[in-house]
Amino acid sequence: MLKLKSFIAAVCVTVMATSALAADITGAGATFPFPIYAKWAEGYKAATGTGMNYQSIGSSGGIKQIRAKTVTFGATDAPVKGEELDKDGMVQFPAIIGGTVPVINLDGFKPGELRVTGPVLADMFMGKISKWNDPKFVALNPGKTLPNETITVVHRADGSGTTFNWTDYLTAVSKEWANSVGKGAAVKWPAPTSVGGKGNEGVAANVNRVKGSLGYVEYAYVKKNKMTFMQIQNADGKYVSPDDLTFAAAAASADWFSVPGMGVSMVNAKGANSWPVSTASFILMYKNPADKAASAEALKFFDWSFKNGKKMAADLDYVSLPDSLTDQIRSKVWSQIQK
């Protein structure tokens, strides 16, 4: 009996030591992909026993964290330029595709019932259109009774890849926005009524709280918070709703390796079914990581997620990368990371 107890104790010590060695993967950054990364992490933990600890702190925060080498990977929706990647000794690759969506808090309207064009949306975010019954907006929604209510613009208060893509779109569709505000992870919001929220979570909460508000969030947050969105007129002149099919349509023509770091913009993509504010979310890792074991674990996580996480992504209305592209990422990008 004593020998049996000693054997069990030895096994327990071995298991604990093994668990300690299999440290959780650490990442930080974009709030845009957080719902799917959390779902993948749950599945990966169940399959392998290894956890993935991801801090949803915004793209700018993710870039800062990976540059400070406090996490194994950083995540950003605003792709880092090729020259910066070279300077930092990092690689970058897309992990998931989704869409940014205009959301509103306006009584009496169902999701997708109201329509908007890019130029009118830019005027709303600039404060040039300050009421919901402005003639320009009314003209796009004939037969709808729109209230004489002030539009409160809700934007990201933190440095954000979602903001980068949203302002990239507004820059593409409005010369006035391009000249006066421009695009970036953080911009000076011109509308007098603008209020900020931290992360996609904060913007969603503020829009749901403030009557008459207009904001922008990633589509998974629309579904999670049961928010009302507007259809947008795309580059082909068609009004479309956000979902995995319209995001996939926008991504269909992307030439991923035409840009250093695969940082392709899908903003205002051609195609009758394309959602005009579709985007990829990117992962940043070091070519020569300080902790090679942790880096290898992170690659195992993304490899597993690419192979096994497609249904999870579809359930949240993200678009998984095609197998042909993930094969190229393995051979052309991950091969640069020292093991």
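The following paragraphs examine the structure supplied in this document.

Reading the values: the criteria
- Residues numbered from 1 in each chain as written.
- Predicted model: local features only at pLDDT ≥ 70, side-chain atom pairs only at ≥ 80, totals over all residues.
- Heavy atoms only, no water.
- Pairing = 2+ DSSP bridges.
- Helix = DSSP H or I, 4+ residues; strand = E, 2+ residues; numbered from the N terminus.
- Right-handed = clockwise from strand over helix to strand, strands pointing away.
- Buried < 20%, exposed > 50% of the residue type's maximum accessible area, 1.4 Å probe, protein only.
- Contact = heavy atoms within 4.5 Å.
- Phe/Tyr/Trp six-rings, centres within 6.5 Å; stacked < 30°, edge-to-face > 60°.

## Brief notes about the pairing of strand β2 (residues 52-56)
The pairing of strand β1 (residues 25-29) with β2 spans 5 bridges and is classified as parallel. Residue pairing across strands places isoleucine 25 opposite methionine 52, the latter belonging to β2. In this fold, β1 hands off to helix α2 (residues 34-48), which returns the chain to β2; that crossover is right-handed.

## Concerning the side chain of serine 59
Within the secondary structure, serine 59 is located in helix α3 (residues 59-67). Residue serine 59 is classed as buried on the basis of its relative accessible area of 2%. Leave out the neighbours within four places in its chain, and serine 59 touches Gly29, Ala30, Ala75, Thr76, Asp77, Ala78, Gly159, Ser160 and Gly161.

## Quick notes on the pairing of strand β3 (residues 73-76)
Along β3, one buried face is formed by Phe73 and Ala75 and the opposite face, lined by Gly74 and Thr76, is buried too. Here β1 pairs with β3 via 3 bridges, running parallel. By the bridge assignment for β3, glycine 27 is matched with phenylalanine 73. Pairing analysis gives 3 bridges linking β3 to strand β12 (residues 278-286), with the strands arranged antiparallel. The partner of alanine 75 across the bridge, within β12, is isoleucine 283.

## Some words on the environment of proline 142
Of note, proline 142 is situated in the loop between α6 (135-140) and β6 (152-156). For proline 142, a relative accessible area of 64% translates into the label exposed. A C-alpha to C-alpha distance of 9.9 Å links proline 142 and arginine 115, two positions 27 residues apart in sequence.

## Considering the environment of serine 60
Structurally, the position occupied by serine 60 is in helix α3. Spatially, the C-alpha atom of serine 60 lies 9.5 Å from that of glycine 74, the residues being 14 residues apart in sequence.

## Looking at the packing of aromatic side chains
Going through the model one piece at a time under the given rule, you end up with 23 aromatic pairs. Each ring, one from phenylalanine 93 and one from tryptophan 334, has its centre 5.7 Å from the other, and the planes form 75°; the classification is edge-to-face. With phenylalanine 93 in strand β4 (residues 90-104) and tryptophan 334 in the segment after α14 (323-333), this residue pair connects regions lying 241 residues apart in the sequence. Judged by its relative accessible area of 0%, phenylalanine 93 falls in the buried class.

In short, shape yes, function no, at least from these values alone.
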